[in-house]
Amino acid sequence: MKEITVFLVSILGLQIQGYLIKVPTSTTNAVTATGGWVHIQKLLLPLFENVCEESKDPVVVRLNEEFKLDPTNGVYLNPEVVGNFQNLKATKGLLAKGEMFTEYNPDHLNELKVIYELFYYARDFDTFYRAACWARQNVNCGLFIDAIYLAYLNRRDTEKVSIPAPYEILPNYFIRKDFIVKASSLIRGDTVSLSDSVRNEGNSYILDVNYTTSMYDDTDDKLAYFHEDIGLNSYYFLTKLNNLPWLNDSQRKSYGQELYHIMKQMMARYNLERYSNGLPELEGIDWDVIDKSPYDPMLIYSNGNEFSGSMPGSIDASEILTTLKNIEGNLQAVVLHMRDGGYNKSVIMNHLMEILVTSERSYMNLALQFISKDEIESRYPSVLEHYMTSVRDPLFWKLNKKIVDVVDNALQVLPSYSRNELYFPGVEIQNIEVKKMMTTFDNFQFDVTSALKTEAEDTKFNVKIEQSRLNHKPFTFKISVLSRVAQKALVKLYIGPKVLPGQLVENKNLFMLLDNFDVNLKIGSNVLSRTSNEMSTLSEDFLSLETLHKIVLDAEFGVDALPLKSVWSQIGLPSRLILPKGTNEGLPLHVFVFIAPYVKATIGGAITSAELNSCAILSPGYPLDLNIEIQQLFNLPNAMVKDIIVTHKIESATYNRPVNNYNSASNNIVWPTDDQVSDVPNGPLYLSARPEFTKKTFDYKSKTNQYGKKTDYAAKRGNYNNQSKKLEEVKKTAEDDKTNIHTEPKKIEVVNNVYINPDTEYDISKEINNSNILHKVVLDKDTEITFKNYELDNDFKDKTINIKTHEIKGKTEPETMDVVNNIYISHDLDHDKMPVVNEDETIKTRSTKLYDS
């Protein structure tokens, strides 16, 4: 068998450059002689540790030196790759390690191609690993990360290894710069106080990280929790990376349709999140009326410089705008010309994506040039110029929407699916059932110690980031199907906003593909059960580097085994984000289920409609990617639309921390008791397992690849309610505490359920701290309460009643209330509701915005 394998490889080595490696690593390789996947995983891990510093791993150091002495020491399936590599070094040279790499720079992209091909065309793992060790020590770290991830995704001998999380490798591309600076300061040994959002757990520092804005803002900025989701950014990075133009060879004949499908999916998912937050459908960029508001991503590069903000059209770019509009205007003519020339949809989509996305002078690249135009030539790239950070910028979503709309308009000239291409004879969907669908925010931690420390720093503790992320509870779809014949079928399941029946067609692009799977239908009734954990288009969280090291160690001793999941199953859309956030009351959505024939049927060799239908099934956007009429699709027996509800639950545990990611009156905050408050230290955070540090002066700019500059970021974006944070830290429950009880005066004024002693001074804006925290009050039975309503134009804005004779919502006013700065708070009523006294003195509630609790 070995002789046959060698013969085949020697023949293939003489063939075309685009040959895809199909053979697993030979067991005769020196590096991988024993251990199999476990050994491969163990060897690859050091390549991702502290990636912007030179590796001290002895194997990496040794193989780097061997490669430098003789780069040709190894066998490549394409012999030209070594020559291309040596030519690049001799002419343009390699991008310096301290420079900022961006995939939108043609020279940077060309170097990435050369390094990647050196990895990809290595015949065996030995050759690949030696080249990777050299690149780890000598190539720009941003470029190296792209190249090594690409090798992971496309080499056969890495197809079963676990992919390290991008946010652990370059956390400064995912987390706000002020928190990166704090984390770096901790690693250096600087003292950090409790007010800096730091706490300890065992031998680890935990930084509670906020997003750049609160989800309770009234603008598009409230979606920062979605834009900045580390899983979503990682997904887009790896997806975009694996669709680079020079990867689209004969192995990817439908890459245009796949890339367009991904863009449509992103757009539909984003609009669902907007829908959850009461925002209208996103509009694409209007080049004539573009929003020129600057965007500050609040990120920092590895060398301490900040990411530039996007500043659309800050200098004259009329030539670019003319080109953009010409592309938009001529795209439909291109489709029409290719259609008349006999090209199929797959070829047409490849060409459209080349014009719009993948070529060097593509519509997207030109648009990014315009958006990022700046008078300062030496500016650092913006988040839009990196695959890893693009989705953070709201302009990315507008540009993505614009491209989807342009393509959708151009495809209008293609014929729509016929009834025969959509109808599945003998199959009828009878019902769709799904139990409660609920989302929440949970807390997620990841370690940044390895990425942020320098070679001179040997920490004996870990520094971790904790952030709230959107997630959902498990749910299951049950689809009842009646089939008259036994056959294999393809099931596609979509969700979208709830619309009127006549609006389904015009809103088809707002539906996101939730799942697709094949099933063998039997004759009669079939119940197809599909859980959220089974959905094939999704991926779970990446395993951390710490976990991977432990799994490898356990596997070496036979205690455990590697997961051995395919790399493709690890880079899908995060399963956490499959559902939009929803609302507390329940967000109405539509679920659309479509069942199509799985294989084509041929009769006597003739081409039948069923055979043509298989081509449609191979299109990832089928059946919603072409023009349709409602009676052609949504009224078919093999299609069904059903109402569902997504409810958002606010978990109190998520907010029961010294610093919260979100502040709102609707949060179920657990208030600390007196004992808990007294245990909170006022000075620097105490860490029991913390080693003794030698304090030292540190200059950020003088340290290559060190994170951060010591500037004050506290005054930057965020606009969080600091008073709410302090209130959460010191407020306490009143039910069981019987200490510090006072008898209050006979009259109390109530403004929107805030009880105020009119005989004392009160100031809602006054700082809440430990010196004026709550005390309890017992209301005398004869206490008079005056309810005030400043928004009603009637004769009973102010009315005095006796507490013991009137009820609110069927209950008397509570005898015990909390008091903060002479502001009385009743826990029995919603603080955003206002008592109103009408003529017969029956107390009701009415909504108001007068008081923001």
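Before any of the text, the structure's been laid out above.
Everything in this summary refers to the structure shown in the same document.

Quick look at the packing of aromatic side chains now. Tallied over the entire structure, the rule returns 36 aromatic pairs. Ring geometry for tyrosine 205 versus phenylalanine 461: centroids 5.1 Å apart, planes at 80 degrees, classification edge-to-face. Linking tyrosine 205 in strand E2 (residues 204–208) with phenylalanine 461 in the loop between helix H18 (449–452) and strand E5 (462–472), this pair joins segments that are 256 residues apart in sequence. An aromatic cluster of three or more residues is present, and its members are Tyr417, Tyr494, Phe592, Phe594, Tyr622 and Phe634.

The interhelical angle for the contact between helix H12 (residues 255–276) and helix H14 (residues 345–358), taken along N-to-C directions, is 60 degrees, at an axis separation of 7 Å. Overall, the two elements H12 and H14 adopt an arrangement that is oblique. Considering only the axes of H12 and H14, their crossing is left-handed. Between H12, through Tyr255, Gly256, Gln257, Leu259, Tyr260 and Met263, and H14, the contact on the second element is made entirely by Lys345, Ser346, Met349, Asn350, Met353, Val357 and Thr358. The residue makeup of the contact of H12 with H14, split by class, is 7 nonpolar, 5 polar and 1 charged.

It is worth spelling out the sheet that holds strand E7 (residues 487–497) at this point. The sheet built from 8 strands is open, its strands ordered E1-E2-E5-E4-E13-E12-E7-E8 with mixed pairing. Here the strands that pair on one side only, and so sit at the sheet edges, are strand E1 (198–201) and strand E8 (512–521). The sheet shows a mean angle of 35 degrees between the axes of neighbouring strands, direction not considered. With 9 bridges connecting them, strand E4 (residues 437–447) and E5 associate as antiparallel partners. Pairing of asparagine 443 across the sheet is with serine 468, part of E5. In the packing of helix H9 (residues 177–188) onto the sheet, the strands contacted are E1, E2 and E5, and the crossing angle to E2 comes to about 165 degrees.

A few words now on the nonpolar core. By size, the foremost hydrophobic cluster in this structure holds 211 residues, and its most contacted members are Leu47, Phe119 and Trp287. Ranked by residues supplied to this core, first place goes to helix H7 (residues 141–154) with 11 residues. Apart from the residues within four sequence positions on either side, tryptophan 287 is in contact with Leu321, Leu324, Lys325, Glu328, Tyr363, Ala367, Phe370, Leu399 and Lys402.

In this approach a probe as big as a water molecule rolls over the atoms, and the regions it shows empty are the leftover space. One pass over the full model with this rule turns up 9 cavities of 30 Å³ or more. The space that makes up the largest cavity amounts to roughly 190 Å³. Around the largest cavity, the lining is made up of 18 residues, and of these His261, Lys264, Gly621, Leu624 and Asp625 lie nearest the centre. Mapped by element, the contributors of at least two residues to the lining of the largest cavity are H12 and H14. For the lining of the largest cavity, the element with the highest residue contribution is H12, accounting for 6 residues. Its residues placed into classes, the lining of the largest cavity shows 8 nonpolar, 6 polar and 4 charged.

Reading guide: rules and limits
- Residues numbered from 1 in each chain as written.
- Predicted model: local features only at pLDDT ≥ 70, side-chain atom pairs only at ≥ 80, totals over all residues.
- Heavy atoms only, no water.
- Phe/Tyr/Trp six-rings, centres within 6.5 Å; stacked < 30°, edge-to-face > 60°.
- Helix = DSSP H or I, 4+ residues; strand = E, 2+ residues; numbered from the N terminus.
- Axes fitted to C-alpha atoms, helices over the stretch in contact; angles between N-to-C directions.
- Parallel < 35°, antiparallel > 145°, perpendicular 65-115°, else oblique.
- Left-handed = near helix turned anticlockwise from the far one by under 90°.
- Contact = heavy atoms within 4.5 Å.
- Nonpolar A, V, L, I, M, F, W, Y, C, P; charged D, E, K, R; others polar.
- Pairing = 2+ DSSP bridges.
- Core = buried A, V, L, I, M, F, W, Y, C linked by side-chain atoms within 4.5 Å.
- Buried < 20%, exposed > 50% of the residue type's maximum accessible area, 1.4 Å probe, protein only.
- 1 Å grid on protein atoms, 1.4 Å probe; cavity = no way out; pocket = protein on both sides within 12 Å on 5 of 7 lines; lining within 4 Å.
- Points joined across faces, edges and corners; volume = space filled by probe spheres on them.

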